Each structure stands twice: as C-alpha cells, then as structure tokens.
Amino acid sequence: VENQRTPLSERESLTENALNKKILSVMRKKKSNLCLAIDYTTSEEVLQLAEIAGPFVMAIKVHADAITDFSEEFTRKLTTLANDMDFIIFEDRKFGDTGNTNLLQLKGAQKIASWADVVTVHAVQGTDSIAGVFRQLINDPNYRLSGVLLIAQLSTKGSLTALDGYTESTVSIAEENRDVISGFIAQTRVSGFSDLLNWTPGVNLDAKTDSAGQQWRGVDEAIDVQQNDIIIVGRGVTSSSEPVQQLKRYRRIAWEALAKDDES
Ligand code: 6AU
C-alpha cells in the first residue's frame, strides 16, 4: 500500500542504498529512531552531549557553522565518537546552490564531505545541481559522505514548501536518484518507496512553538499519524536540565510507536 511503512527488517534487506542499510541496522540494534539535534555553539558542549547521547540515538545532527570554535579537531573527535558508539553523523547544511558551488562548499573550509555521513540539500536548485555532484562524492572512498536528505517540507510556519507541487516535485527527484538520496526531511510521509527514510524535525513533547517560526508536535503525531520513520529532537533535549532523562523518554516513545509496525 502506498505511504504505508514496511517492517524495518524487510526494509534493511530490501534497500540497495548502502547508507540506509547501515542506518536501518543501527536503528534495529540500538532500538532507536531518535536523531538528536545538538545546536550548541561550542565544540566542547557539542562533544560532551554527543558522548552522553551516543547510546540512545541512531544519529547526531549538527550545524557546523553555528559552532564558534569549529575545527578539524572537533570533527576528528566527533567521528571517533560516532565510530565507537555507532551513530550517524548528520550535518544539516541545507545545500541550495548550483552544483559547482555545492561541490566547492562540501570540500571547503569545513570539509563537510570528509566527516559527515549525510547532509541536507534543498530541492529548489533542481536535479542536475543535486544528483551528479553528490553522487561523485558519495562514490569516492576518500570522503565519508554517503547520502543526502532532501528537504521536502519544512516545519516552520508559513514555509513555501507548502506551495502547490513543491513537495511532489521534490519527491520525484528523490525517487529517481535513490542511490544518492536516502530520504527526506518532511513533516508527513511523502513517498511510497519504503527505502526512502522519512526524518522529521519539529518534535517536542513539552512545547508547541518558539518565538522564531518553529512549530513542534508530539511523537505520536509524528510517527503514528504522519508515518515518519525518524524523529529529530533538538531543544526538547538540549534545553532540558536533565538531558539523559529526556533522551530516554523520546527514544522510548518514538521506538514504541515505530516498532508497532514490525510486530503486527
Ligand atoms: O527541536 P528544535 O527546534 O530545537 O531543533 C530542530 C532542528 C534544528 C533545525 O535546524 C532542524 O531541526 N530542522 C530541519 C532540518 C533537520 O533540516 C528542517 C525543518 O524543517 N525544521 C527544523 O527544525 O536543528
């Protein structure tokens, strides 16, 4: 059935996308469909929380350009943690330019392609500026980069991704390039292809909005009703005085909601 989730074990064996095979295997092993968004501004804070969160999450998402003392030492430490604790490194750069510029930025000051497993990319620039450029790096063993998440829907109030046809056009780009594009950033499940993973931000169990356009909803809405696979949680954990308690809470609720499909 279109837009229905297939059990994770089946998806792991069926997918031909190497990154998704790894992601699904990590998810099943750790019983976690929780990606933590660590939007702190110093390397030390990010690394400290990454180390604490490691056992509970399948991925850690960063904004490298928000880290004021970003350095190669930071990425070395982060990749060591990811290798040791088995999580995916997600750099949320949201590339959105010509293919040539995207490539320069991927290899530029922050060397994103060398340490991130997956990055976000906007669809607005069109297929030719996305698929070829990212495929080139993903197939090159000198780079860690293994996949792309296309932004199909934003969580923000008034986002233009809600305009007629935008999400559908984004989904077509992904479906035609499934070796490179491993899934979406979206609010609701957007594709019938079960090997394209749906990652969803805008999740918080204790707040509905910030004062800057963000819209949050709960885990049941995101996983049960809207049929996403992975929740991306930021301030629900990072602004809490008890992050471990919150990590356990989000992880348990999200996994119970997703794993129901595997048992039925
Ligand atoms: O829970 P929050 O709002 O503290 O953190 C959500 C995280 C932030 C955003 O940059 C990011 O998710 N995000 C994205 C992503 C992941 O691409 C897209 C979007 O539509 N909304 C959103 O919040 O790091």
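Residues numbered from 1 in each chain as written. Predicted model: local features only at pLDDT ≥ 70, side-chain atom pairs only at ≥ 80, totals over all residues. Heavy atoms only, no water.

For the protein, the name recorded in an unreviewed UniProt entry is Uridine 5'-monophosphate synthase, with Caenorhabditis japonica as its organism.

1. Concerning the packing of aromatic side chains
In plain terms, the rule: Whether two aromatic rings pair depends on their centres lying within 6.5 Å, for rings of Phe, Tyr and Trp, where Trp uses its six-membered ring; planes under 30 degrees apart make the pair stacked, over 60 edge-to-face, and the rest tilted. In this text, helices come from DSSP runs of H or I with a minimum length of four residues, and strands from runs of E with a minimum of two, each type numbered from the N-terminal end. Between buried and exposed lies partly exposed: a residue is buried under 20% and exposed over 50% of the maximum accessible area for its type, with that area taken using a 1.4 Å probe on protein chains only. Criterion for a charge above a ring: Arg CZ or Lys NZ at most 6 Å from the ring centre, at most 35 degrees from the ring normal.
Scanning the model with the defined rule gives four aromatic pairs in all. Taking 6.0 Å as the distance between ring centres and 45° as the angle between the ring planes, the aromatic pair formed by Phe-70 and Trp-115 counts as tilted. With a gap of 45 residues between them, Phe-70 in the loop between β2 (59-62) and α4 (72-85) and Trp-115 in helix α6 (residues 112-115) connect regions that are remote in the sequence. The class of Trp-115 is buried, set by a relative accessible area of 3%. Each residue in the set Phe-70, Phe-74 and Trp-115 is aromatic and connected to the rest through ring pairs, giving one cluster. The ring of Phe-90 is capped by Lys-61, whose NZ or CZ atom sits 5.8 Å from the centre of that ring. Its end group placed over the ring of Phe-95, Arg-93 keeps NZ or CZ at 5.1 Å from the ring centre.

2. Section: the pattern of salt bridges
For the record, the criterion: Whenever Lys or Arg places a side-chain nitrogen within 4 Å of a carboxyl oxygen from Asp or Glu, that contact is recorded as a salt bridge.
Using the criterion set out here, one finds 14 salt bridges in the structure. Here Asp-92 and Lys-94 are joined by a salt bridge, their closest N and O atoms 2.9 Å apart. Judged by its relative accessible area of 8%, Asp-92 is buried. With a relative accessible area of 27%, Lys-94 lands in the partly exposed category. Between Asp-206 and Arg-249 there is a salt bridge, with its nearest N and O atoms 2.9 Å apart. Of this pair, Asp-206 sits in the loop between β7 (197-200) and α9 (219-225) while Arg-249 sits in helix α11 (residues 243-263), and the two are 43 residues apart along the sequence. In this structure Asp-206 comes out as exposed when scored by relative accessible area, which is 55%. For Arg-249, a relative accessible area of 25% translates into the label partly exposed.

3. Observations concerning the site of the ligand
Rules: A molecule or strand has a residue near it when one of that residue's heavy atoms lies within 4 Å. Nitrogen and oxygen atoms within 3.5 Å of one another constitute a polar contact, given that in protein one can donate a hydrogen and the other can accept it, and given that sequence-neighbouring residues count only through two side-chain atoms. Computed with the Shrake-Rupley method and a 1.4 Å probe, the accessible areas treat only the protein chains shown as cover for residues. Three classes are used, and their members are as follows: Ala, Val, Leu, Ile, Met, Phe, Trp, Tyr, Cys and Pro are nonpolar, Asp, Glu, Lys and Arg are charged, and the others, Gly among them, are polar.
With respect to spatial proximity, 17 residues lie near the ligand, and among them Asp-39, Lys-61, Ser-155, Gln-214 and Arg-235 are the closest. Here Lys-94 contributes a side-chain N or O atom positioned 2.9 Å from an oxygen atom of the ligand. In this structure, an oxygen atom belonging to the ligand sits 3.1 Å away from a main-chain N or O atom of Gly-234. Here the ligand loses 91% of its free accessible area of 510 Å² to cover by the protein chains. Residue classes in the shell around the ligand are distributed as seven nonpolar, five polar and five charged.

4. Topic: the pairing of strand β6 (residues 181-185)
Along any regular strand the residues' side chains alternate between the sheet's two faces. To be explicit about the condition: Should DSSP find at least two bridges between two strands, the strands are taken to pair. A clockwise course of the path from the first strand over the helix to the second, judged with the strands pointing away from the viewer, identifies a crossover as right-handed.
The buried count for β6 comes to five of five residues, which makes it a mostly enclosed element. Taken together, the four bridges between strand β5 (residues 147-151) and β6 define a ladder with parallel strand orientation. Bridge pairing in β6 links Ile-151 to Ile-185. Taken together, β5, helix α8 (residues 166-175) and β6 constitute a β-α-β crossover, and its handedness is right-handed.

5. A few points about the UniProt feature "active site" (unreviewed entry) in the protein
Quick reminder of the rule: UniProt positions are given in the numbering used here, feature names are shortened, and annotations may be inferred rather than shown by experiment. The contact rule is simple, with two residues in contact once any of their heavy atoms fall within 4.5 Å.
Residues annotated by UniProt as "active site" (unreviewed entry) correspond here to Asp-92, Lys-94 and Asp-97. Of note, Asp-92 is situated in strand β3 (residues 88-95). The residues contacting Asp-92, other than those within four sequence positions of it, are Lys-61, Val-62, His-63 and Thr-120. You can see Lys-94 is positioned in strand β3. Setting aside residues up to four positions removed in sequence, Lys-94 forms contacts with His-63, Thr-120, Val-121, His-122, Ile-151 and Leu-154.

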